Amino acid sequence: MSLSDIIVLNVGGTRFETSRATLVSQPDSMLAKMFDPDSPLVPAKPKDDAYFLDRDPETFKVILSFLRSGQISKSCHNISDLLLHEAQFFQLPGLEAKIQEIQAKNVSGQDILNKLSQIVTKIDALEENRVSVLEQRKLMTEFREWMQEDLKNFQYLVRIADDIFTSRRRI
């Protein structure tokens, strides 16, 4: 048995092929303990040349990708609690941390509307008090910084806010 061995896994009925090196890349993980040639914990004997893991294949695909690259693909950023649970099950604290970081950055539509409403209310208050253009620009800078945290999703909203701000200043 060597690290270059190809291991075939049947995860919830889906076949995965990977190297032993990938499976042991996180030394404290359950998978490393199962497939490390020096570990006393060995997986069950393979059936039809595949080790069976009774887990969700969709989340395992993300886990295997993480083991290969140490990253989570941008296409997987719609992270579910199930993936976090599976990362905990497989004892992958690095993956857990990345999932929690992504979850913390995900902003709901309601959060966006609430923030936008707060900013519009501030702009209205500034205009009613005839606050300087400098103060209005300061507020818009704050708004832009908030929106640009995830530029791809909010770029169009920044343009709309700029248009609204510009049209209100002309009135």
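Our subject is the structure listed above.
Just so it is clear, the model here is predicted, and its values are computed rather than measured. Residues take numbers from 1 onward in each chain, read along the sequence in its written order. Selection of residues for local features in this predicted model requires a pLDDT of at least 70, selection of side-chain atom pairs for listing and counting requires 80 or more, and totals for whole chains, interfaces and linings are taken over all residues. Here the side-chain values reflect all heavy atoms present in the structure, with hydrogen atoms and water set aside.

## A few points about the nonpolar core
It is characteristic of soluble globular proteins that their nonpolar side chains tend to be buried jointly.
Part 1 of the argument: In this text, buried Ala, Val, Leu, Ile, Met, Phe, Trp, Tyr and Cys residues form a nonpolar core when linked through side-chain atoms within 4.5 Å. Burial classes follow relative accessibility: with a 1.4 Å probe on protein chains only, a residue under 20% of its type's maximum area counts as buried, one over 50% as exposed, and anything between as partly exposed. Residues Leu9, Leu31, Phe35, Phe60 and Leu95 are the most contacted members of the largest nonpolar core, which totals 27 residues.
Part 2 of the argument: Only runs of H or I of at least four residues qualify as helices and only runs of E of at least two qualify as strands under DSSP, and these elements are numbered from the N terminus. Contributing elements (two or more residues each) for this core: β1 (6–11), α2 (30–35), α3 (57–69), α4 (81–89) and α5 (93–105).
Part 3 of the argument: Take this core: its biggest share by element is six residues, from α3.
Part 4 of the argument: What makes two residues a contact is simply this: any of their non-hydrogen atoms within 4.5 Å. Not counting residues within four places of it along the chain, the set of residues in contact with Phe35 comprises Ile7, Leu9, Arg20, Leu23, Val24, Pro43 and Tyr51.

## As for the pairing of β1
Part 1 of the argument: Direction of pairing for β1 relative to strand β2 (residues 14–19): antiparallel, over a ladder of six bridges. Bridging across to β2, Ile7 finds its partner in Thr18.
Part 2 of the argument: When DSSP finds at least two bridges between two strands, those strands are taken to pair. Connecting β1 to the next strand, β2, in antiparallel fashion are two residues, including Gly12 with a positive phi near 55°.

## A few points about the sheet that holds β1
Part 1 of the argument: Taking strand neighbours across the sheet as the criterion, the three strands line up as β2-β1-β3 in an open arrangement whose pairing is mixed. Two strands lie at the open edges of the sheet, namely β2 and β3 (51–53), each paired on one side alone. Taking each pair of neighbouring strands and ignoring which way they run, the sheet shows an average axis angle of 30°. Only the stretch in contact is used when a helix axis is fitted, and all axes are lines through C-alpha atoms; the angle between N-to-C directions ranges over 0 to 180 degrees.

## Observations concerning the packing of aromatic side chains
Part 1 of the argument: The aromatic pairing rule takes the rings of Phe, Tyr and Trp, using the six-membered ring of Trp, and pairs them if the centres are within 6.5 Å, calling planes under 30 degrees apart stacked, those over 60 edge-to-face and the rest tilted. As enumerated under the stated definition, the model contains four aromatic pairs in all.
Part 2 of the argument: Pairing Phe35 with Tyr51 gives two aromatic rings, centres 5.2 Å apart and planes at 80°, and the pair type is edge-to-face. You can see Phe35 sitting in helix α2 and its partner Tyr51 sitting in strand β3, a full 16 residues away along the chain.
Part 3 of the argument: Judged by relative accessible area, Phe35 falls into the buried class, the value being 1%.
Part 4 of the argument: Aromatic rings pair up to connect Phe16, Phe60, Phe89 and Phe90 into one cluster.

## Thoughts on α4
Part 1 of the argument: Listed in full, the buried residues belonging to α4 are Leu83, Leu84, Glu86 and Ala87. Down the axis, α4 shows its buried residues gathered within 160° of arc, on one side only.
Part 2 of the argument: Two residues or fewer after α4 comes Gln91, characterised by a positive phi angle close to 60°. What the arc measures is the spread of directions leading from the helix axis to the C-beta atoms.

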